[in-house]
Amino acid sequence: QVQLVESGGGLVQPGGSLRLSCAASGFTFTFSSYAMSWYRQAPGKERELVAAITGSGGSTNFVDSVKGRFTISRDNAKNTVYLQLNSLKPEDTAVYSCSALGPAGWRYWGQGTQVTVPS
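All chains use their own residue numbering, which begins from 1 and follows the written sequence. Totals for whole chains, interfaces and linings use all residues, but because this is a predicted model, local features are given only for residues with pLDDT of at least 70 and pairs of side-chain atoms are given and counted only at 80 or more. For the side-chain quantities, the full set of heavy atoms in the structure was used; hydrogens and water were omitted.

Caption draft 1: Representation of the nonpolar core. Among buried residues, those of type Ala, Val, Leu, Ile, Met, Phe, Trp, Tyr and Cys that are joined through side-chain atoms within 4.5 Å constitute a nonpolar core. Throughout this description, buried means an accessible area under 20% of the type-specific maximum (1.4 Å probe, protein chains only), exposed means over 50%, and partly exposed covers the range between. Among the nonpolar cores identified, the biggest contains 29 residues, and Met36, Trp38, Leu83 and Tyr96 are the most heavily contacted of them. For the purposes of this entry, the term helix denotes a DSSP run of H or I that reaches at least four residues, the term strand denotes a run of E that reaches at least two, and both are numbered from the N terminus. Of all elements in the fold, only strand 3 (18-25), strand 4 (35-41), strand 5 (48-53), strand 7 (70-75), strand 8 (80-85) and strand 9 (94-101) reach the threshold of two or more residues within this core. When residues no more than four places from it in sequence are discounted, the contact partners of Met36 are Leu4, Cys22, Phe31, Ala51, Ala52, Ile53, Ile72, Arg74, Val81, Ser99 and Ala100. In this analysis, two residues are considered to be in contact whenever any of their non-hydrogen atoms come within 4.5 Å of each other.

Here it is in structure tokens:
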């Protein structure tokens, strides 16, 4: 059974950094077959796509509000995807969840990890 387990969230002051990890297990196909992405949802707001990375890691994209501050990467040998959050702002406060999209079109979700940046 597929599991995506996020870690690394926490409370950080404005301007600080965090590194989120998402460990995957139970996939039918090899991890590199799955495009991975990070979403976030702030209280009272819609969930938004923050960053995505292809299976090989060769292509990434980001929502405009985090470009230049966040980096997404993956280690296919460890079945793990990362989100490096730098220069954090109070508006980055949200629950961050990772998601996997497989070759059969199924999407999987983790439970999420809270990132809080006080104003």
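Caption draft 2: View of the side chain of Ser37. Of note, Ser37 is situated in strand 4. On the basis of relative accessibility, which here comes to 5%, the residue Ser37 falls in the buried class. Apart from residues lying up to four places away in sequence, Ser37 is in contact with Leu49, Ala51, Ala52, Ile72, Ser97, Cys98, Ser99 and Arg107.

Caption draft 3: Seen up close, the state of the cysteines. When the sulfur atoms of two cysteines come within 2.5 Å, that pair is taken as a disulfide. Within this structure, the stated rule accounts for one disulfide. Each disulfide pairs two cysteine sulfurs, and for Cys22 the partner residue is Cys98, the sulfurs being separated by 1.9 Å. The sign of the S-S torsion, about 45°, decides the handedness of the disulfide formed by Cys22 and Cys98: right-handed. Of the two residues, Cys22 sits in strand 3 while Cys98 sits in strand 9, which places them 76 residues apart along the sequence. The pair Cys22 / Cys98 is uniform in exposure class, with both members buried.

Any link to function would need more than the numbers given here.
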